[in-house]
Structures are given as structure tokens and as C-alpha cells.
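# Fold and contact review
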Amino acid sequence: MIDAINPTAKTIGLLVGSILLGVTFQWQTNVLLALIGFLFLLTSNRTSLNQLARFLLPILLISASYFFTGWLFHSEENLLSMAVDTMTAAENPALLNGVTLSTRLLAFAMLGLSFSLTTDSNELVYSFIQQAKMPMKMGYAILTALNLTSLISQEYKKSKLALQVRNLPVRPFDTKPLFTMMVRMVRWSDRLSLAMESKGFSEQRTMKQQMKVRPQDIVFMIGFPLAIVGLNLLFS
Amino acid sequence: MNREKLTLRDYLLMALISVVFGVFYLLAVYAGTALSTLLTPFGLGVLGYEPFYGVWFMAAIITTYLIRKPVVGIITEVIAALIEVMLGNMFGVIVMLSAFIQGLGVELPFAFTKYEKYSYKVTMTAAVSATVVTFLWTGFRSNYLAMDWRIVAAIFVIRLLSSLFFTGYLSKRICDKLDEAGILTYLNPGGANE
């Protein structure tokens with residue numbers, strides 16, 4: 001379902017929706033939004049249950065950490081306002097504070113995942129170039145770097161190995177291999193740009209894959225944030 | 001101020017450096033998640049990522065130092081976020097907005113010097129401004145108003161210390177070494193490399 005939405009429209013819809021989530025303080029809205037995000041992921045052909053489970057574990061851990069913080073280290077002023085607002089909150093406002101904070105984070109993460117895992121990288125960049133007026137140079141630089149990710153990772157390992165064979169220890173966050181990588185990236189950027197420009201790369205490049213904005217994309221872009229506003233009104 | 005347009009080489013350098021830092025970011029995420037999990041039973045899990053927060057501003061400082069053109073810091077952070085999202089970052093689209101805010105925080109002090117000064121004073125100021133701007137943003141996102149003020153103060157202080165170390169000191173040190181190796185003269189021939 002969400003796979004077919006134009007990536008720029010999806011970005012705007014989910015971005016505005018996430019900002020609106022920032023002004024949402026009801027756990028019911030948060031839970032519903034997390035479920036909507038989960039539904040987006042379940043109906044997507046670009047993600048599997050295994051992949052989803054791998055991402056859900058750290059999300060649940062962070063969500064739990066927010067629950068404990070909200071529960072054990074709550075703001076007294078916030079509890080007071082919650083107790084005045086709701087009857088249930090008056091019974092155990094600290095617990096409700098924890099639930100609200102943790103579900104808020106869960107909702108952010110589920111909406112985030114429903115974007116990351118259901119959007120094709122190439123389509124996203126093409127759409128940003130065509131619909132959001134991203135400079136062609138920037139778009140292709142991103143795609144280039146993305147395609148070189150595994151190579152860069154290998155180079156980084158080689159840089160560390162080169163130090164280790166000289167009996168120089170490499171600790172996590174060590175700057176020595178990072179320095180080597182920076183020099184390499186300067187060289188790579190120079191050579192890659194020369195190679196691309198010598199092959200005729202320019203801002204006037206035509207693109208075979210045309211990304212279109214259809215009525216359903218507009219409906220999602222406007223409708224999703226409106227749905228959050230509606231849920232906010234419903235639960236407030 | 002260098003008002004020349006960003007070239008393909010500039011964009012490629014920003015993107016490639018973002019990927020290199022992606023390795024560091026991943027390390028920070030693993031370390032942060034582990035620390036968060038350990039601190040969760042005590043209600044201090046929200047502090048888990050804070051000691052590593054400065055790592056997220058490093059790429060912007062380094063590219064701003066190397067390329068020396070306006071908005072490089074912001075663009076680097078946005079590119080890094082886009083690459084993270086494409087690789088499956090769990091916070092998805094909101095990361096792009098966070099990245100814009102982080103880049104803005106880093107870039108502000110450089111903009112005030114018209115991109116002419118790259119001293120420790122400026123990088124340390126960039127660390128402070130990035131901390132303040134991101135603190136306001138994460139405060140909105142994570143609703144700090146619902147938390148005890150002491151936890152919120154701890155978040156700010158730890159993030160500030162992390163930024164001062166990773167962003168203000170370590171990034172500047174790497175940049176100075178790159179300068180000593182002649183990288184700056186190579187990238188900006190004829191430019192003022194102060």
C-alpha cells in the first residue's frame with residue numbers, strides 16, 4: 001500500500017505527521033499511530049517479518065527506557081496537569097506519564113520505519129531531484145556514496161589492519177584509521193567527479209525513470225497529517 | 001567568504017565522508033543502545049546515547065573545514081541522514097529534520113566568522129551551539145517537560161561535554177592533521193587556509 005506512494009509525497013506526509021506527533025500528548029493517539037505504522041510495514045512488499053523483528057528489538061528497548069524515565073523521573077508540574085485533565089491519570093499519574101513517553105517514542109519509530117523500510121533508495125533520490133528540485137549533483141553524489149558503502153567499509157577495515165600489522169593498536173573511536181579514510185575520500189571524490197564529468201555528467205542530465213505525482217499521493221500527503229489532527233481532537 | 005557554487009566534487013566529498021562517519025555513527029548507536037539498556041532499570045535509559053552525541057556533528061565540522069563554503073555543514077548532515085535512512089534508520093524521515101537542525105547548529109559560528117576562521121574557539125562554539133539547538137529540538141521531540149528537571153539537566157550537560165570533545169576538539173584535531181598533510185591546499189589551491 002505505502003510502497004506505491006510517491007517518495008516526495010511520502011516524505012512530506014510523514015514529516016508533517018511526525019511534527020504533529022510532537023504536539024501530541026495522548027498515549028491513545030501514540031498507540032494508534034504506532035499501529036498504523038505497523039500496518040504500513042505489514043502491507044509492504046519491501047520488508048519481511050524477519051527484517052521487521054530485527055528493527056523492532058532496539059525500538060522496544062528505547063521505548064522501555066523512556067517508560068522507566070517517565071515513570072521514575074517525572075515532572076511534578078506535568079503530572080499535575082495530567083491529573084487535572086484525566087480521571088485515570090489521577091489514579092497513577094507517574095505510570096501514565098511513563099506510558100505516554102514510551103508510546104510517543106514508539107509512534108515516532110514506527111512512522112520512521114514505515115518510511116525507511118518501504119522506500120526504494122533510487123526512487124527516493126530520483127523523486128527528490130524531479131519533484132523537490134534537489135540538485136542533480138547532490139542526488140548522484142548520494143547514490144554514488146550509497147553504492148560505495150560496502151567498499152568504504154572494506155577500506156576502513158584495511159586501514160585498521162594496516163595499523164595493526166605495524167603493531168599499532170586501534171581502539172573504538174580511534175582517529176588514526178579515520179584520518180587515513182579522510183585522505184582517501186578526498187582522492188576518491190576528486191577522481192569520481194573527474195570520471196563523471198568526463199562522461200558528460202551535468203545538471204541537464206535527462207532521466208529515464210520518471211517519478212509521477214498521482215492523486216493518491218496528494219491524498220496521502222495531506223490526509224495523513226489531517227488524520228493525526230483528527231485523532232488528537234478525538235482523544236483530547 | 002567563498003561564494004562559489006558547490007561543485008560535483010564537493011557533493012561527492014560530503015557524501016563519501018558521511019558514509020565513513022556512518023561507520024562511527026553505527027558504533028555510537030551500538031554503544032548507546034547497550035548503555036541505554038543497562039541504565040533502563042534505574043530510569044536513566046534516556047542518558048544512554050548522550051555520551052556519544054557529539055559524534056553526530058563530526059562530519060559537518062570536517063566538511064565545513066575542508067570545503068570552506070556556506071551551507072556545507074547543513075548539506076553534509078542532510079546527506080548523512082538520507083544515507084542513514086536509505087540503509088534503514090529506525091527513525092526514518094524525522095532524522096532528516098534532525099540532521100538539518102544539527103547542521104544548522106554546527107554551521108552558525110562559522111557563518112558568523114563569514115567562513116574565514118577555523119580555530120579551536122570557533123569549533124568549540126560550534127559544539128556549544130549544536131548542543132543548544134539540538135537540545136531544543138530533542139526537547140520538543142521527546143517532551144522533556146514531562147521529565148524531572150534533573151534528568152533534563154543531565155541530558156544537556158552530558159551532551160555538551162560529548163560535543164566539546166568529539167565536535168570541538170577531536171574533529172578540529174583531525175582537520176589540523178589533514179591540513180598538515182596538505183589536503184587543504186590540495187582542495188583549495190590559492191585559497192586562504194588559516
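Residues numbered from 1 in each chain as written. Chains lettered and ligands numbered in written order. Predicted model: local features only at pLDDT ≥ 70, side-chain atom pairs only at ≥ 80, totals over all residues.

Each helix and strand in chain B was counted, giving seven helices and zero strands. Over its C-alpha trace chain B gives a radius of gyration of 17 Å, about what one expects of a compact globule, namely 16 Å for 194 residues. For chain B, the spread of C-alpha atoms along the three principal axes comes to 55 × 35 × 25 Å. Each of the 194 residues in chain B was classed as buried or not, and the buried ones make up 57%. Counting contacts in chain B only where the partners sit at least 6 residues apart, residues at least 24 apart contribute 74% of the total. (Helix = DSSP H or I, 4+ residues; strand = E, 2+ residues; numbered from the N terminus. Rg over C-alpha atoms; globule rule 2.2 N^0.38 Å. Buried ≥ 20, exposed ≤ 12 C-beta atoms within 10 Å, placed from the backbone. Contact = placed C-beta atoms within 7 Å.)

Moving on to helix H2 (residues 27-42) of chain A. Residue and element names in this part refer to chain A. Look at H2: 22 Å from first C-alpha to last across 16 residues, which is about the 22 Å you get at 1.5 Å a residue. All buried positions along H2 are accounted for by Trp27, Thr29, Asn30, Leu33, Ala34, Gly37, Phe40 and Leu41. Here the buried residues of H2 occupy an arc of 160° about the axis, which is enough to place them on one side. If you follow the buried residues of H2, they end up packed against helix H1 (7-22), helix H3 (49-72), helix H6 (93-116) and helix H11 (215-235). (Expected span 1.5 Å × (residues − 1). Arc of directions from axis to C-beta.)

What follows concerns the nonpolar core. Ala141 of chain A together with Ala15, Leu16 and Ile17 of chain B are the most contacted members of the largest nonpolar core, which has 119 residues in total. Top element by residues in this core is helix H1 (residues 8-39) of chain B. It accounts for 14 residues. Both of domain 1 (2-125 + 212-235) and domain 2 (136-198) of chain A provide at least three residues apiece to this core. (Core = buried A, V, L, I, M, F, W, Y, C linked by C-beta atoms within 7 Å. Domains from an automatic or database assignment.)

Once that is clear, we can look at the interface of chain B and chain A. The interface is formed by 57 residues belonging to chain B together with 66 residues belonging to chain A. Those elements that provide at least two residues to the side of chain B that touches chain A are H1, helix H3 (72-86), helix H4 (93-112), helix H5 (120-142), helix H6 (149-180) and helix H7 (183-187) of chain B.

On domain assignment, one finds that chain A holds domain 1 (2-125 + 212-235) and domain 2 (136-198). Between the C-alpha centres of domain 1 of chain A and domain 2 of chain A the distance comes to 36 Å.

Moving on to the environment of Gly37 of chain A. Residues and elements named next belong to chain A. Locating Gly37 in the fold gives a position in helix H2. Using a count of 24 C-beta atoms within 10 Å as the deciding quantity, one classes Gly37 as buried. Sequence separation between Gly37 and Leu234 is 197 residues, and the spatial gap between their C-alpha atoms is 19 Å. If we ignore the near neighbours within four places in the chain, the residues touching Gly37 are Met110, Leu111, Leu113 and Ser114.

Further remarks concern the environment of Leu82 of chain B. With respect to the helices and strands, Leu82 of chain B occurs in helix H3. In this structure Leu82 of chain B comes out as buried when scored by C-beta crowding, with 26 C-beta atoms within 10 Å. In sequence terms Leu82 of chain B and Ile151 of chain B are 69 residues apart; their C-alpha atoms lie 31 Å from each other. Among residues more than four places away in sequence, those in contact with Leu82 of chain B are Ile142 of chain A together with Met96 of chain B.

All names here are of chain A. Relative orientation of the contacting elements H1 and H11 amounts to 10°, with a least axis distance of 8 Å. Overall, the two elements H1 and H11 adopt an arrangement that is roughly parallel. Here Ala9, Lys10, Ile12, Gly13, Leu14, Val16, Gly17, Leu20 and Leu21 of H1 lie close against H11, whose contacting residues are Asp217, Ile218, Phe220, Met221, Phe224, Pro225, Ile228 and Val229. Looking at the contact of H1 with H11, its residues break down into 13 nonpolar, two polar and two charged. (Axes fitted to C-alpha atoms, helices over the stretch in contact; angles between N-to-C directions. Parallel < 35°, antiparallel > 145°, perpendicular 65-115°, else oblique. Nonpolar A, V, L, I, M, F, W, Y, C, P; charged D, E, K, R; others polar.)

Moving on, we come to the environment of Leu117 of chain A. Inspection of the secondary structure assignment puts Leu117 of chain A in the loop between H6 and helix H7 (121-130). The class for Leu117 of chain A is buried, based on 22 C-beta atoms found within 10 Å. In this structure, the C-alpha to C-alpha distance between Leu117 of chain A and Asn45 of chain A, residues 72 residues apart in sequence, is 9.7 Å. The residues contacting Leu117 of chain A, other than those within four sequence positions of it, are Leu41, Ser44, Arg46, Thr47 and Gln51 of chain A together with Gly88 of chain B.

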